[in-house]
Amino acid sequence: QVQLVESGGGLVQAGGSLRLSCTASGRTFRQYAMAWFRQGPGKEREFVAAISWNAYYADSVKGRFTISRDNVKNTVALQMNSLKPEDTAVYYCAADAFGRGSSAINTYEYWGQGTQVTVSS
């Protein structure tokens, strides 16, 4: 199975920036759709961003977050700018081997361990 390893979470002040990274195992990374989801305390896991042939975002992060991928290094990143306290959550990297690039949680077969992002005001 594909394994995803995340890094880059931490504590940042509102208005600041943070970059999350996720490294995937396997030799078919180029075919995967990759995504980031997040889950705040007591909340459902929600879609943040995805990238397959193109990138798209949840409305709440458009203009602030950028998802990118490196198919040579088998990595996906989430650059988060202008962070707000409501961005505080555990962020999860996900992979879909079928390359669908959906915002639906159940279309992703592989998940990272999650990394905590805390934005203080």
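The rules we used
- Residues numbered from 1 in each chain as written.
- Predicted model: local features only at pLDDT ≥ 70, side-chain atom pairs only at ≥ 80, totals over all residues.
- Heavy atoms only, no water.
- Core = buried A, V, L, I, M, F, W, Y, C linked by side-chain atoms within 4.5 Å.
- Buried < 20%, exposed > 50% of the residue type's maximum accessible area, 1.4 Å probe, protein only.
- Helix = DSSP H or I, 4+ residues; strand = E, 2+ residues; numbered from the N terminus.
- Salt bridge = Lys/Arg side-chain N within 4 Å of Asp/Glu carboxyl O.
- Contact = heavy atoms within 4.5 Å.
- Pairing = 2+ DSSP bridges.
- Axes fitted to C-alpha atoms, helices over the stretch in contact; angles between N-to-C directions.
- Disulfide = S-S within 2.5 Å.
- Phe/Tyr/Trp six-rings, centres within 6.5 Å; stacked < 30°, edge-to-face > 60°.
- Lys NZ or Arg CZ within 6 Å of the ring centre and 35° of its normal.

Turning to the nonpolar core, a few remarks are in order. Counting 36 residues, the largest nonpolar core has L4, M34, W36, L78, M80 and Y91 as its most contacted members. Elements supplying a minimum of two residues to this core: β3 (18–24), β4 (33–39), β5 (46–51), β7 (65–70), β8 (75–80), β9 (89–96) and β11 (115–120).

Bringing the pattern of salt bridges into the picture now. Using the criterion set out here, one finds 6 salt bridges in the structure. The residue D87 makes a salt bridge to R38 at a minimum N-O spacing of 2.9 Å. Taken as a pair, D87 in the loop between β8 and β9 and R38 in strand β4 lie far apart in primary sequence, 49 residues in all. No difference in accessibility class separates D87 from R38, as the two residues are buried. Across the pair D59 and K62 runs a salt bridge whose closest N-O atoms are separated by 3.1 Å.

With respect to the element layout, R64 can be found in the loop between β6 (55–57) and β7. Among residues more than four places away in sequence, those in contact with R64 are Q79, M80, N81, S82, L83, K84 and D87.

Turning to the sheet that holds β7, a few remarks are in order. Pairing within the open sheet is antiparallel, and its 4 strands lie in the order β1-β3-β8-β7. Edge positions in the sheet fall to β1 (4–7) and β7, since each of these pairs with one other strand and no more. Between one strand and the next, the sheet's axes are offset by a mean angle of 15°, whatever the strand orientation. Alignment of β3 against β8, held across 6 bridges, turns out to be antiparallel. Across the sheet, residue C22 finds its bridge partner in β8, namely V76.

So, about the state of the cysteines. Should the sulfur atoms of two cysteines be covalently bonded, the bond is a disulfide. Per the stated rule, a full pass over the model turns up 1 disulfide. A disulfide bridge connects C22 with C93, and the sulfur atoms are separated by 2.2 Å. A torsion of -80° about the S-S bond marks the disulfide between C22 and C93 as left-handed. With C22 in strand β3 and C93 in strand β9, the pair connects residues that are 71 residues apart, well separated along the chain. Summarising the burial analysis for this pair, C22 and C93 share the class buried.

We now examine the packing of aromatic side chains. As enumerated under the stated definition, the model contains 6 aromatic pairs in all. Joined through ring pairs, the aromatic side chains of F37, F47, Y56, Y108 and W111 make up one cluster. Across the ring face of Y92, the terminal group of R45 is positioned such that the distance to the ring centre comes to 3.7 Å. Geometry around W111 places R45 over its ring, the cationic atom sitting 5.1 Å from the centre.

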